[in-house]
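# Observations on the model geometry
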Amino acid sequence: GAVVSQHPSRVICKSGTSVKIECRSLDFQATTMFWYRQFPKQSLMLMATSNEGSKATYEQGVEKDKFLINHASLTLSTLTVTSAHPEDSSFYICSARPAGRVSEKLFFGSGTQLSVL
Amino acid sequence: GESVGLHLPTLSVQEGDNSIINCAYSNSASDYFIWYKQESGKGPQFIIDIRSNMDKRQGQRVTVLLNKTVKHLSLQIAATQPGDSAVYFCAENNAGGTSYGKLTFGQGTILTVHP
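What comes next concerns the included structure.

Here is what the cut-offs are and how they apply
- Residues numbered from 1 in each chain as written.
- Chains lettered and ligands numbered in written order.
- Predicted model: local features only at pLDDT ≥ 70, side-chain atom pairs only at ≥ 80, totals over all residues.
- Heavy atoms only, no water.
- Helix = DSSP H or I, 4+ residues; strand = E, 2+ residues; numbered from the N terminus.
- Rg over C-alpha atoms; globule rule 2.2 N^0.38 Å.
- Buried < 20%, exposed > 50% of the residue type's maximum accessible area, 1.4 Å probe, protein only.
- Contact = heavy atoms within 4.5 Å.

### Some remarks on the overall build of chain A
Counting its secondary structure elements, chain A contains zero helices and eleven strands. On C-alpha atoms alone, chain A measures out to a radius of gyration of 13 Å, which is about the 13 Å that the 2.2 N^0.38 rule sets for 117 residues. Counting only C-alpha atoms, chain A reaches 40 × 25 × 20 Å along its principal axes. By the burial criterion, 50% of the 117 residues in chain A qualify as buried. Across chain A, contacts joining residues at least 24 apart in sequence account for 55% of those joining residues at least 6 apart.

Put into structure tokens, the structure is as follows:
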């Protein structure tokens, strides 16, 4: 089946630094990827939709200048948490939608646990 | 706004029993529903999906039921095993629109299976 790889799986950083998270579709092309955030014991909340070759679409309440998304190729989207603060500590998860196949099920990455000290 | 919610936040069962996890949704435009299993520290794992033109779909040891009249979704797990212990989420999407893949998740149910 389709595989979505997410890296790193865990990152610890100091407050004020920036962290980049990668999401790759390994055996399919994805024109659209989605970024979710999950706080402990809570559900996944959609942050933004990443579109290959164009600007990302952010959900209400998500700061686009803080969570920079780049989708430069059909297999890679990156999420950069800029000037991270402790309240940004969370589990970040991406999913990928196979290009041209709207009936396919969606696949998720394994997630990135971000801890900001 | 529209949301998907769950009736039961936790469910404990004995190994071998059948489990039923419920979910209510409110977006009448949703036409695609998915159940995911999430283990601690991992991303959601696809279990089974169902489209709105169906009311039942079966997989291996799992069955999803959809009742569009009352906007209710359920996941039935037969002969539950300790390895089934995880958090289960329902998710909904308007698959017919350009928002395909943009999922709204329910709150999740913690399933604990006792040996």
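### Some thoughts on unusual backbone geometry
With an omega of 0°, the peptide bond running from A:His7 to A:Pro8 counts as cis. We note that A:Lys41 has phi near 60°; this positive angle belongs to a residue other than glycine. Relative to the assigned elements, A:Lys41 resides in the loop between strand E4 (32-38) and strand E5 (44-51). Judged by relative accessible area, A:Lys41 falls into the exposed class, the value being 89%. Within the chain, B:Arg61 stands out as a residue other than glycine whose phi angle is a positive 65°. For B:Arg61, a relative accessible area of 29% gives the class partly exposed.

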